[in-house]
Amino acid sequence: MEKFTGRVWLLGDDIDTDIIIPTEYLAMKTIEDMKVYGFSPLRPELAAQIRPGDIIVAGKNFGCGSSREQAPEVVKALGIRCVIAKSFARIFFRNAINNGLLLIEQPDLYDDMKEGDTITVTVNEHVEYQGRQYPIASLPDNLVEILNAGGLVKAMRRRNGLDAEE
């Protein structure tokens, strides 16, 4: 099982796609151009403070709002390793998986966390924080394949022999 540790950024309930990447930045040419504005309506300094491997822990309904694919792409481009939330908007969940961003539902962790602390995730098993294990559901094999490939298009290209496994 894959295991990783990261620093936590704590966000609240109902973080919508307009908070993740505001509409006015969607016309930019690339996700790299957009990412510096990630979460700017909520915390303008956050995008500059996130480091590769960091983890977002949030409340309920993360990713609600419009179905824009740029939202999970921006989160991934910022270097976020995974998002753990009490719940996710369904279309955001699917867009995130399709873009290779790991999402984990866990109902209790958010209430016990402090921003800046570190947690360890053992994929498909549990999250560990301050010696306590928080159980998480296993993702189905097809979703793990998509995540491991870096997204749906890459997974299908591999499956169809168009790209070699890395």
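Residues numbered from 1 in each chain as written. Predicted model: local features only at pLDDT ≥ 70, side-chain atom pairs only at ≥ 80, totals over all residues. Heavy atoms only, no water.

Peer 1: Account for the pattern of salt bridges, naming residues and giving values.
Peer 2: For the coordinates displayed, the defined rule picks out eleven salt bridges. Of the charged contacts in the structure, one is a salt bridge between Lys60 and Asp14, with a shortest N-O distance of 3.7 Å. Taken together, the positions of Lys60 in the loop between strand 2 (55-58) and helix 4 (70-77) and Asp14 in the loop between strand 1 (3-10) and helix 1 (17-20) put the pair 46 residues apart, joining distant regions of the chain. Given a relative accessible area of 39%, Lys60 falls into the partly exposed group. The partner of Asp18 in a salt bridge is Arg68, and the shortest N-O contact between them spans 2.8 Å. Remark: Arg68 occurs in the loop between strand 2 and helix 4 and Asp18 occurs in helix 1; sequence separation between them is 50 residues. (Salt bridge = Lys/Arg side-chain N within 4 Å of Asp/Glu carboxyl O. Helix = DSSP H or I, 4+ residues; strand = E, 2+ residues; numbered from the N terminus. Buried < 20%, exposed > 50% of the residue type's maximum accessible area, 1.4 Å probe, protein only.)

Peer 1: Tell me about the sheet that holds strand 1, residues and numbers included.
Peer 2: Read from one edge to the other, the open sheet built from seven strands follows the order 4-3-2-1-5-6-7, with strand pairing classed as mixed. Pairing within the sheet leaves two strands with one partner each, and these edge strands are strand 4 (102-105) and strand 7 (132-135). Taking each pair of neighbouring strands and ignoring which way they run, the sheet shows an average axis angle of 30°. The sheet contact formed by strand 3 (residues 82-85) and strand 4 spans four bridges and is parallel. Each residue of the ladder has a partner; that of Cys82, found in strand 4, is Leu102. (Pairing = 2+ DSSP bridges. Axes fitted to C-alpha atoms, helices over the stretch in contact; angles between N-to-C directions.)

Peer 1: Quick rundown of unusual backbone geometry? Include the residues and the values.
Peer 2: Notably, Asp14 is not glycine yet its phi reads approximately 55°, a positive angle. Residue class for Asp14 comes out partly exposed when judged on its relative accessible area of 35%.

Peer 1: Please give an account of the layout of surface pockets that cites residues and values.
Peer 2: Considered as a void within the structure, the largest pocket measures approximately 310 Å³ in volume. What lines the largest pocket is a set of 16 residues, and nearest its centre among them are Glu2, Arg81, Gly100, Leu102 and Leu147. Residue contributions to the lining of the largest pocket peak at three residues, all from helix 7 (residues 141-149). Along the lines of polarity and charge, the residues of the lining of the largest pocket split into eight nonpolar, five polar and three charged. Roughly 170 Å³ of internal volume is contained in the second largest pocket. In terms of lining residues, the second largest pocket is bounded by Phe93, Leu102, Leu103, Ile104, Glu105, Val123, Asn124, Ile136, Ala137, Ser138 and Leu139. A per-class count over the lining of the second largest pocket returns eight nonpolar, two polar and one charged. (1 Å grid on protein atoms, 1.4 Å probe; cavity = no way out; pocket = protein on both sides within 12 Å on 5 of 7 lines; lining within 4 Å. Points joined across faces, edges and corners; volume = space filled by probe spheres on them. Nonpolar A, V, L, I, M, F, W, Y, C, P; charged D, E, K, R; others polar.)

Peer 1: Describe helix 4, with residues and values.
Peer 2: Listing the buried residues of helix 4 in full gives Ala71, Pro72, Val74 and Val75. One face of helix 4 carries all of its buried residues, which in axial projection span an arc of 155°. Following helix 4 by one or two positions, Gly79 adopts a phi angle in the positive range, close to 100°. (Arc of directions from axis to C-beta.)

Peer 1: Go over the nonpolar core, please, and point to the residues and values.
Peer 2: Core analysis: the biggest nonpolar cluster contains 29 residues, and Phe39, Ile56, Phe62, Val83 and Phe92 have the highest contact counts within it. Elements represented by at least two residues in this core include exactly helix 1, helix 3 (46-49), strand 2, helix 4, strand 3 and helix 5 (90-98). Sort the elements by how many residues they give to this core and helix 4 lands first, with three residues. Other than its neighbours up to four places away in sequence, Phe39 contacts Leu11, Ile15, Ile19, Ile20, Pro44, Leu46, Ile56, Phe62, Val75 and Leu78. Counting 24 residues, the second-largest nonpolar core is a separate cluster that includes Cys82, Ile97, Ile136 and Ala155. (Core = buried A, V, L, I, M, F, W, Y, C linked by side-chain atoms within 4.5 Å. Contact = heavy atoms within 4.5 Å.)

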